[in-house]
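# Report on the structure
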Amino acid sequence: MSDVQVSGAGGRRRRSAGGGGRGRVRGGRRWLAGVFLLPALVLLGALVGYPIVFSVVRSLFDASGDGFVGLDNYGAMFSDEGIRTALRNNVIWVVVAPTVSTVLGLVFAVLTERIRWGTAFKLVVFMPMAISMLAAGIIFRLVYDQAPERGVANAVWVGVHDTFADPAPFPGAKPRPRAGLEASGGGSFTTGSAVRAGSPVLLPLVAVQPDDLRGARAAAAARPQPGKVTGTAWLDFTRGGGGRPKVIDGNEKALAGLRIEAVRGGRVVASATTTADGSFALPAGRADGARLRLPAANFAEAYRGVDWLGPALVTPAIIGSYVWMWAGFAMVLIAAGLAGVPRELLEAARVDGAGEWQVFRRITVPLLAPVLVVVLVTLMINVLKIFDLVYIIAPGSSIRSANVLALQLFQSSFGTDVDEGLGSAIAVFLLLLVLPVMYVNLRRLRKERRR
């Protein structure tokens, strides 16, 4: 019996020794792991930890770094109009850009499952991710160019506008000085005296663009017609000189398509359009004794589209370029999550009579909720750091309206009016904004590991 006990004790001792050996091995592995992690920890401390601590300390000093000001830099940050604009724009960015990118990614991911060339479509949508922010900014600076001949956005917009609205026949044209036509407000011109039947009216114009005269015929002097008020509108300019003012010379061009209105008592009583030779005719019963007016619509400048990079639209325009880049990223992640959704649930819902919208809203979206949260959180962190797109796309005239915190941090720290104390305060504030989003992301990762 004692042998058994001794043996048992010895066995216990042996097992204990064996356990201690395993503990020593485990401790050795922990020490070895620490050795391998040490370079990474040193780099992390040097590149992340030290700059954070330095920025916090530097934010408590003035621009020179010598005078301690406490929290004054933080107070100045919220009292400065430019920084308040940056903060407001950051809120717009955080709310709009991740949401729109995620929604588009979800729509693309769901729809590409139903089309034959879904893989090719995903490749095209994801392709902008291969472009750097710098290149994307240059591309969209050209896309949003105000000139329709260079900017794609305005070229499309102007094309659609001109489809439904007739352009002015002679934009920028105006009457020859001392030719009997006076400005009558709003860009229109009216004859100084009343017109009479039997006396042709001459309407000489200048400053007509050469492109507006392509295919124009030579002007012809209108002849008197019974019961009508007649006249001619033409370009009173002879190329090479030699022409006589307010006289239709042989080589001067007719202005066809010009609208002429007879006005009496402030009301339009008759109207006509000049023909190919520049002549027009109005019924004398209405036009005799009236004044002739050339409406402003004849001379309105050509529609130039929308000022995409103006102060009012610059932030939405830049957000559009961001969505173009990152919707593909959202689509790929959501498509990966969609591939793991059990098809039996979708088919069962359809068999039970659920429509496609109900299946999408009540089954697909709830099952994809973890993936959607990942995409949203990732894009929110990315958006809080947005800098290069705004810096490149926004022109100098709109840079203050498009300002964001990261750009303001750069300008305060390295711009013309350098204040490193204020710049460090902005950096710390930006870090505080990122921390809650990172905390949510870490909690989600821990829950995923527990599963």
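Scroll up a little and you will see the structure.
Because the structure is predicted, anything quoted here is derived from the model rather than measured.

## Focus: the overall build of the protein
- When helices and strands are tallied, the protein shows 14 helices and nine strands.
- The C-alpha radius of gyration computed for the protein amounts to 38 Å, which surpasses the reference 22 Å derived for 451 residues by more than 25%, pointing to a less compact arrangement than a globule.
- With respect to the principal axes defined by its C-alpha atoms, the protein has extents near 145 × 75 × 40 Å.
- Looking at the protein as a whole, 38% of its 451 residues qualify as buried.
- Entry remark: accessible area of the protein is about 26,000 Å², with carbon and sulfur atoms responsible for 62%.
- Averaging the positions of the 49 positive and the 31 negative side-chain charges in the protein gives two centres separated by 10 Å.

## Looking at the side chain of serine 279
- Along the chain, the position of serine 279 falls in strand E8 (residues 279–283).
- Filtering out sequence-adjacent residues up to four positions away, serine 279 remains in contact with Ala222, Gly231, Thr232, Thr273 and Thr274.

## A closer look at the pattern of salt bridges
- Within the structure shown, the criterion is met by 13 salt bridges.
- Its salt-bridge partner being glutamate 347, residue arginine 350 comes within 3.2 Å of it at the nearest N-O pair. Pair noted here: arginine 350 and glutamate 347 are both in helix H9 (residues 343–351), with a separation of three residues, about one helical turn.
- A relative accessible area of 27% places arginine 350 in the partly exposed class.
- Using a relative accessible area of 45% as the deciding quantity, one classes glutamate 347 as partly exposed.
- If you follow the salt bridges from partner to partner, you end up with Arg259, Glu261 and Arg293 in one network.

## Examining the sheet that holds E8
- Ordered in space as E1-E4-E5-E8, the four strands form an open sheet in which the pairing is mixed. Of all the strands in the sheet, just strand E1 (174–175) and E8 have a single pairing partner and so form its edges.
- Pairing of strand E4 (residues 201–206) with strand E5 (residues 228–235) involves five bridges; the strand directions are parallel. Bridged to proline 204 within E5 is tryptophan 234.

What counts as what
Residues numbered from 1 in each chain as written. Predicted model: local features only at pLDDT ≥ 70, side-chain atom pairs only at ≥ 80, totals over all residues. Heavy atoms only, no water. Helix = DSSP H or I, 4+ residues; strand = E, 2+ residues; numbered from the N terminus. Rg over C-alpha atoms; globule rule 2.2 N^0.38 Å. Buried < 20%, exposed > 50% of the residue type's maximum accessible area, 1.4 Å probe, protein only. Areas by Shrake-Rupley, 256 points an atom, 1.4 Å probe, with all protein chains shown as cover. Lys, Arg positive; Asp, Glu negative; His and termini not counted. Charge placed at Lys NZ, Arg CZ, Asp CG, Glu CD. Contact = heavy atoms within 4.5 Å. Salt bridge = Lys/Arg side-chain N within 4 Å of Asp/Glu carboxyl O. Pairing = 2+ DSSP bridges.

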